[in-house]
Amino acid sequence: MRADKARNREAILAAAARLFDEAADPDQISMDAVAGAAGVGKGTVFRGFGDRSGLIRALYDQYAAHEFQALPENVPDLLTRVWDFKRRHRVLALALEQEGFASPYGNESYDRLHRHLADLVSRARGPRNADFLAHALLAAVRGDLVEYVREESGVDPREGLRELARSVLGRSGRVEAPGGGEDPIDEVLHEGAGGRLRLEGDPGQDAPHQ
């Protein structure tokens, strides 16, 4: 990439990031606004990113690549990380999801998260339906839901995401860990700092394997 083209791309992404961070609604951000904030012509923005969808995907993937350099090895932590990421970048996440067919699925960051989550699901309960269940779990952290729940009082998304993970990765159909060792479901549900997850009303002891 030529130096001037790289500089323009960097300036455009930085300008778009500022505008999305400051906006209250995705529709407030136009290509004209981005070009003006970046100090380049509108044609430069279109040549660099194709259209508004391309610009949004590029900015989102840039943020996500930094945020998810290392992915958690358990489902609740992963879902919570995605939820918090979309809460911080709420307008950008909403913009991505409003871009029509295949959005927000048609981007590198979603593909990477889905592959990792499908692997965790497969380790916990076997490969059957793991791809679909990974999509379903990621649907619980869509930006529009994050935005809706943000307005509700008394909602604890972290607790809800833990319960959702436990429901999806229930012990029925589980696969045994190779050579014994930790139950694969406990492994992918295990929280880094909080010990094993317990369902509401659990007396505090690890439930016996069914």
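Residues numbered from 1 in each chain as written. Predicted model: local features only at pLDDT ≥ 70, side-chain atom pairs only at ≥ 80, totals over all residues. Heavy atoms only, no water.

**Q** What's the story with the overall build of the chain in this structure? I'm lost.
**A** On a plain count of helices and strands, the chain comes out with 11 helices and 0 strands. Written out in order from the N terminus, the α and β elements of the chain read α-α-α-α-α-α-α-α-α-α-α. Taking all 210 residues of the chain together, 45% fall into the buried category. Within the chain, contacts between residues at least 6 apart in sequence are counted, and of these 66% link residues at least 24 apart. Working note: accessible area of the chain is about 11300 Å², and carbon and sulfur atoms make up 50% of it. (Helix = DSSP H or I, 4+ residues; strand = E, 2+ residues; numbered from the N terminus. Buried < 20%, exposed > 50% of the residue type's maximum accessible area, 1.4 Å probe, protein only. Contact = heavy atoms within 4.5 Å. Areas by Shrake-Rupley, 256 points an atom, 1.4 Å probe, with all protein chains shown as cover.)

**Q** Would you mind showing me how to read the nonpolar core here?
**A** Proteins that are soluble and globular tend to have nonpolar side chains buried together. Core analysis: the largest hydrophobic core is formed by 56 residues, its most contacted members being Ile12, Phe20, Val45, Leu55, Leu59, Val75 and Leu117. Not counting chain neighbours up to four residues away, the residues in contact with Ile12 comprise Val34, Ala38, Val40, Thr44, Val45, Phe49 and Leu55. (Core = buried A, V, L, I, M, F, W, Y, C linked by side-chain atoms within 4.5 Å.)

**Q** Where do I start with the packing of aromatic side chains in this structure?
**A** Centre distance and the angle of the planes are the two values used to describe a pair of aromatic rings. Under the defined criterion, the tally for this structure stands at 3 aromatic pairs. Taking 5.0 Å as the distance between ring centres and 85 degrees as the angle between the ring planes, the aromatic pair formed by Tyr105 and Tyr110 counts as edge-to-face. Assessed through its relative accessible area of 10%, Tyr110 is described here as buried. Among the aromatic residues, those joined into a ring-pair cluster are Tyr60, Phe68 and Phe85. (Phe/Tyr/Trp six-rings, centres within 6.5 Å; stacked < 30°, edge-to-face > 60°.)

**Q** Explanation requested: the pattern of salt bridges in the structure shown.
**A** Pairing between side chains of opposite charge can happen when the charged atoms of each approach one another. The tally for this structure, following the rule as stated, stands at 11 salt bridges. Between Asp144 and Arg142 there is a salt bridge, with the nearest N and O atoms lying 3.1 Å from each other. Among the charged side chains, a network of salt bridges with common partners joins Lys86, Glu97, Arg142 and Asp144. (Salt bridge = Lys/Arg side-chain N within 4 Å of Asp/Glu carboxyl O.)

**Q** Looking at this model, I keep getting lost on helix H1 (residues 3-22). Mind explaining?
**A** Each α-helix turn comprises 3.6 residues. Residues three or four places apart therefore point the same way. Counted at 1.5 Å a residue, the expected span for H1 with its 20 residues is 28 Å, and the 29 Å between its end C-alpha atoms agrees. Along H1, the positions that sit buried rather than exposed are Ile12, Leu13, Ala15, Ala16, Ala17, Leu19 and Phe20. Those residues of H1 hidden inside the fold are in contact with helix H2 (31-38), helix H3 (42-49), helix H4 (52-67) and helix H6 (90-97). (Expected span 1.5 Å × (residues − 1).)

**Q** What am I meant to see in the environment of Glu108 here?
**A** Structurally, Glu108 is set in helix H7 (residues 108-125). What makes Glu108 exposed here is its relative accessible area of 63%. The sequence separation of Glu108 and Asp61 amounts to 47 residues, and the corresponding C-alpha distance is 6.6 Å.

**Q** In this structure, what is going on with the side chain of Asn74? I would like to understand it.
**A** In this structure, Asn74 sits in the loop between H4 and helix H5 (75-88). For Asn74, the side chain forms a polar contact with the main-chain nitrogen of Asp77, separated by 2.9 Å. (Polar contact = N/O pair within 3.5 Å; in protein donor to acceptor, adjacent residues only side chain to side chain.)

**Q** Looking at this structure, I do not really get the packing of H6 against helix H9 (residues 143-150). What am I missing?
**A** Two packed helices can be described by the angle between their axes and the distance between those axes. At a minimum axis separation of 8 Å, H6 and H9 run at an interaxial angle of 135 degrees. On the basis of the axis angle, H6 is oblique to H9. Contact residues: Arg90, Ala93, Leu94 and Glu97 in H6; Gly143, Asp144, Glu147 and Arg150 in H9. (Axes fitted to C-alpha atoms, helices over the stretch in contact; angles between N-to-C directions. Parallel < 35°, antiparallel > 145°, perpendicular 65-115°, else oblique.)

**Q** Can you walk me through unusual backbone geometry in this structure?
**A** As a rule of thumb, non-glycine residues mostly have phi less than zero, and peptide bonds are mostly trans rather than cis. With a phi angle near 65 degrees, Asn129 is a residue other than glycine that sits in the positive phi range. Its place among the elements puts Asn129 in the loop between H7 and helix H8 (130-139).

**Q** Which parts of the structure should I look at to understand the confidence of the model for the chain?
**A** Detailed reading of the predicted coordinates is not advisable wherever pLDDT is low. Averaged over every residue, the pLDDT of the chain is 82; residues scoring 70 or more account for 78%. When mean pLDDT is taken per element in the chain, H2 scores highest with 97 and helix H11 (residues 184-189) scores lowest with 62. The model gives residues 172-178 a pLDDT under 50, and that stretch makes 17 contacts with residues more than four places away or in other chains. Within the model, the stretch residues 192-210 combines pLDDT values under 50 with 26 contacts to residues more than four positions away or in other chains. (pLDDT = per-residue confidence, 0-100.)

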